[in-house]
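# Observations on the model geometry
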Amino acid sequence: VGSEMCIRDRLPLSAGLIEGLGTLEGTCGALIGANLVLAMKNKGNPMVQVEAAHLFQDFVERCGASICKDLRGIGKEKPLCSCEDCIKEAIALLY
């Protein structure tokens, strides 16, 4: 993948992240997507792993979990965080 690949070309690469990697059992796609953006923004920075860990912790603190089915409240009375809100939180954590 060349460095000149634009965002429009990269978006389809994230299609499999929906609904916890398509199983509801995986990590929230919004959180994974935010980590992908973080990695692209910090290309070559050895501290990106530390920043990714902080992003994960902050996301769990704000949303209540990192696993899709837990966030969506599958088997519970109500969701911890809607998909829309997970996306909003993940984006907010990047700034």
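Look up: the structure comes first, before these words.
What follows is about the overall build of the chain. Along its length, the chain carries six helices and zero strands. Mapped from its N terminus to its C terminus, the chain presents α and β elements in the order α-α-α-α-α-α. By the burial criterion, 24% of the 95 residues in the chain qualify as buried. Look at the contacts in the chain between residues 6 or more apart in sequence, and 49% of them connect residues 24 or more apart. Of the roughly 6600 Å² of accessible surface on the chain, a fraction of 58% belongs to carbon and sulfur atoms.

On to the nonpolar core. Core analysis: the largest hydrophobic core is formed by 15 residues, its most contacted members being Cys 28, Leu 55, Phe 59, Cys 63, Leu 71 and Cys 86. At the level of elements, helix 3 (29-41), helix 4 (48-63) and helix 6 (83-93) are the ones that each hand at least two residues to this core. In terms of residue count, helix 3 provides more of this core than any other element does, four residues in total. Residue contacts for Cys 28: discarding those within four places in its chain leaves Phe 59, Ser 66, Cys 68, Leu 71 and Cys 86.

Okay, the packing of helix 4 against helix 6 next. Interhelical geometry of helix 4 versus helix 6 gives an angle of 140° and a closest axis separation of 10 Å. With respect to their mutual orientation, helix 4 and helix 6 come out oblique. Helix 4 and helix 6 meet at a crossing whose hand is right-handed. Along the contact surface, helix 4 presents Leu 55, Asp 58, Phe 59, Arg 62 and Cys 63, while helix 6 presents Cys 86, Glu 89, Ala 90, Ala 92 and Leu 93. When its residues are assigned to classes, the contact of helix 4 with helix 6 shows seven nonpolar, no polar and three charged.

What follows is about the packing of aromatic side chains. Under the counting rule described, the total for this entry stands at zero aromatic pairs. A cation sits over an aromatic face here: Lys 41 above Tyr 95, 5.7 Å from the ring centre.

Here we take up the pattern of salt bridges. All chains considered together, the criterion is met by two salt bridges. As a salt-bridge pair, Arg 62 and Glu 89 come within 2.8 Å of each other at their nearest N and O atoms. Taken together, the residues Arg 62 in helix 4 and Glu 89 in helix 6 connect sequence positions 27 residues apart. What makes Arg 62 partly exposed here is its relative accessible area of 47%.

Conventions and cut-offs
- Residues numbered from 1 in each chain as written.
- Predicted model: local features only at pLDDT ≥ 70, side-chain atom pairs only at ≥ 80, totals over all residues.
- Heavy atoms only, no water.
- Helix = DSSP H or I, 4+ residues; strand = E, 2+ residues; numbered from the N terminus.
- Buried < 20%, exposed > 50% of the residue type's maximum accessible area, 1.4 Å probe, protein only.
- Contact = heavy atoms within 4.5 Å.
- Areas by Shrake-Rupley, 256 points an atom, 1.4 Å probe, with all protein chains shown as cover.
- Core = buried A, V, L, I, M, F, W, Y, C linked by side-chain atoms within 4.5 Å.
- Axes fitted to C-alpha atoms, helices over the stretch in contact; angles between N-to-C directions.
- Parallel < 35°, antiparallel > 145°, perpendicular 65-115°, else oblique.
- Left-handed = near helix turned anticlockwise from the far one by under 90°.
- Nonpolar A, V, L, I, M, F, W, Y, C, P; charged D, E, K, R; others polar.
- Phe/Tyr/Trp six-rings, centres within 6.5 Å; stacked < 30°, edge-to-face > 60°.
- Lys NZ or Arg CZ within 6 Å of the ring centre and 35° of its normal.
- Salt bridge = Lys/Arg side-chain N within 4 Å of Asp/Glu carboxyl O.

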